[in-house]
Amino acid sequence: MGDRKQKPVLLSGIQPSGNLMVGNYFGAIKNWVTLQGQYDCLFPLVDLHAITVRQNPAELRARCYDFLALYIACGIDPDQNTVFVQSHVPAHAQLAWILNCFTYMGELNRMHQFKEKASRSEQNISAGLFDYPVLMAADILLYDTKLVPVGDDQKQHLELTRDLASRFNARYGDVFTIPEPFVPDVGGRIMSLQEPLKKMSKSDTDPNNYIALLDDADTVRRKIKRAVTDSGCSAAYDESRPGIANLVVILSCVTGESYGAIEERFAGKGYRRFKQELADAVTAFLKPLQKRYRAIRGDEKAMETMLRHGAEQARDRARPMLENIHNVLGFIPEI
Ligand code: AQP
């Protein structure tokens, strides 16, 4: 952590809901791993976000450990970066309240994710779900974050974060750093296997819609076999054929091949062969990751030590920012 101060800050979080899947990996985590040496990185497990929809308490707790073990299995170094649980750092919720007072209802009403998630359950939609983007803005702005690697679906929330930071700065001076999104060219929006016009989502009620990072070989094969395509037979990236295009994107993410190379390799070979090879490639990619995961997940004590250190670092880093915000707002400093 010696040269931390010279590096720009990177922050990105994932809510511990559902099953971490290939969309989360290629849209976000892979880029965290690539960028971790160049940036001063914070990776919160954003549990306060997860309770915007109902969670089973025992499952939520276990899932936080699962996700942490998966982060490390994917290549995140907990010694080099600040990895922590959001609810261990009260400043996130404190800043969210303050930012709420600078956010317009009309802005939140326009958020696609809220509209989409609210449409899944028409009844008892929580104020927390509506307010989710403001908490996300607090997560980011608390640490002078410069770069936020996320999937394409989070771009609108990041735009709101930038607007809130600029609005606050215009009134109170240069308090916040204005963050930039980092969305990968390939894999920024992996689509659902059964409904390829919808994004792949780790909390989808139908597990056939996603490939989880912990799916075994048979499950991967079955899900890919069932994935929706069309009546054609050439595996090519073509937006008018979203099912097969999505499978080509997944293969490109896993092997690093260009769309053109994939198209050439599978010309005239039919979807069946393409799907078999895709399943093999995904399984070969997941297998070593799952092995590392099992070794890390078996030692909860070691993970608790990591989380304790991470929370201490994050609390220390958040304190001066929150004090400065309280000061510019005119609150009496803590006595
Ligand atoms: N389909 C996707 N393709 C590429 N990137 C994706 N991400 C999510 N889905 C895809 C990125 O993964 C991170 C997950 O963050 P999150 O859990 O806080 O938010 P989310 O966008 O709500 O993700 P999910 O998978 O859809 O979760 P659920 O179903 O639990 O709500 C973000 O960087 C996101 O962009």
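What you see is a predicted model, and the numbers here were worked out from it, not measured in a lab.

Student: Outline the site of the ligand, supporting the account with residue identities and numerical values.
Tutor: The full set close to the ligand counts 25 residues, and Lys117, Asp153, Lys199, Lys202 and Ser203 are the nearest of them. One of the backbone N or O atoms of glycine 23 is found 3.1 Å from a nitrogen atom in the ligand. Here an oxygen atom of the ligand and a side-chain polar atom of glutamine 154 are 3.0 Å apart. In the complex, 98% of the free accessible area of the ligand, which totals 630 Å², lies under the protein chains. Across the shell around the ligand, the residue classes tally to seven nonpolar, 13 polar and five charged.

Student: Outline the packing of aromatic side chains, supporting the account with residue identities and numerical values.
Tutor: Taken as a whole and judged by the stated rule, the model has 13 aromatic pairs. Aromatic pair phenylalanine 168 and tyrosine 172: ring centres 4.7 Å apart, planes at 40°, arrangement tilted. Note that phenylalanine 168 and tyrosine 172 are positioned in helix H8 (residues 155-172) at a spacing of four residues, about one turn of the helix. Overall, the relative accessible area of 0% leaves phenylalanine 168 in the buried class. Judged by relative accessible area, tyrosine 172 falls into the partly exposed class, the value being 26%. A network of ring pairs unites the aromatic residues Phe102, Phe168, Tyr172 and Phe176 as a single cluster.

Reading guide: rules and limits
Residues numbered from 1 in each chain as written. Predicted model: local features only at pLDDT ≥ 70, side-chain atom pairs only at ≥ 80, totals over all residues. Heavy atoms only, no water. Near = heavy atom within 4 Å. Polar contact = N/O pair within 3.5 Å; in protein donor to acceptor, adjacent residues only side chain to side chain. Areas by Shrake-Rupley, 256 points an atom, 1.4 Å probe, with all protein chains shown as cover. Nonpolar A, V, L, I, M, F, W, Y, C, P; charged D, E, K, R; others polar. Phe/Tyr/Trp six-rings, centres within 6.5 Å; stacked < 30°, edge-to-face > 60°. Helix = DSSP H or I, 4+ residues; strand = E, 2+ residues; numbered from the N terminus. Buried < 20%, exposed > 50% of the residue type's maximum accessible area, 1.4 Å probe, protein only.

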